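Now for the letters of each chain:
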Amino acid sequence: KQLRDTQYAHEGYLKKLMKVLERTHKAREEEFTKQRQELAATKEAKDSEIYELRSEVLKLRSKVVRTQEARHDEGEIQLLKAENEKLRKKLLGKSKLQASMTKSR
């Protein structure tokens, strides 16, 4: 009889222990799932942020290139204006020379 009482007591403890283990296991699974979802949401947010930053960097690079091209074009325009002015002065000098030569004849 004492053996049977001990066995029943152990069975009771075992059942209680199994219930506690099942509850804690379920709680851990729920926590794991929650953390996995939070991690996925954070990752998605960071990926989106990275994509936006990359897009912004590309836009800025494009703007820098356009600015550099515009500066280069502006420099070329200044050089062309200077050359044009030199040629104009040369032509004026030649026409003045021709005019003075024509008057002296």
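Residues numbered from 1 in each chain as written. Predicted model: local features only at pLDDT ≥ 70, side-chain atom pairs only at ≥ 80, totals over all residues. Heavy atoms only, no water.

## Some words on the overall build of the protein
Logical step 1: The helix and strand inventory of the protein stands at 1 helix and 0 strands.
Logical step 2: The globule rule puts the C-alpha radius of gyration for 105 residues at 13 Å, and the 45 Å found for the protein is more than 25% above it.
Logical step 3: By principal-axis analysis of the C-alpha atoms, the protein measures approximately 155 × 15 × 5 Å.
Logical step 4: For the protein, the computed accessible surface area is about 10600 Å², with 58% contributed by carbon and sulfur atoms.
Logical step 5: Charged side chains in the protein number 27 positive and 18 negative. The centres of these two groups are separated by 9 Å. (Helix = DSSP H or I, 4+ residues; strand = E, 2+ residues; numbered from the N terminus. Rg over C-alpha atoms; globule rule 2.2 N^0.38 Å. Areas by Shrake-Rupley, 256 points an atom, 1.4 Å probe, with all protein chains shown as cover. Lys, Arg positive; Asp, Glu negative; His and termini not counted. Charge placed at Lys NZ, Arg CZ, Asp CG, Glu CD.)

## A look at the pattern of salt bridges
It is possible for side chains bearing opposite charge to pair when their charged atoms get close.
Logical step 1: Here the structure, examined in full by the defined rule, presents 2 salt bridges.
Logical step 2: Two residues, Lys43 and Asp47, come together in a salt bridge whose shortest N-O distance is 3.0 Å. Taken together, the residues span about one helical turn, with Lys43 and Asp47 both in helix H1 (residues 2-104) at a distance of 4 residues.
Logical step 3: With a closest N to O distance of 3.8 Å, Lys46 and Glu49 form a salt bridge. With Lys46 and Glu49 both in helix H1 and 3 residues apart, the pair spans about one turn of that helix.
Logical step 4: Here Lys46 falls in the partly exposed class, since its relative accessible area comes to 46%. (Salt bridge = Lys/Arg side-chain N within 4 Å of Asp/Glu carboxyl O. Buried < 20%, exposed > 50% of the residue type's maximum accessible area, 1.4 Å probe, protein only.)

## Things to note about a positive patch on the surface
Logical step 1: There is a patch of like positive charges on the surface, built from Lys15, Lys16, Lys19 and Arg23.
Logical step 2: Given the relative accessible area of 56%, Lys15 is considered exposed. (Patch = residues over 30% accessible without salt bridge, like charges linked within 9 Å, V, L, I, M, F, W, Y side chains within 5 Å.)

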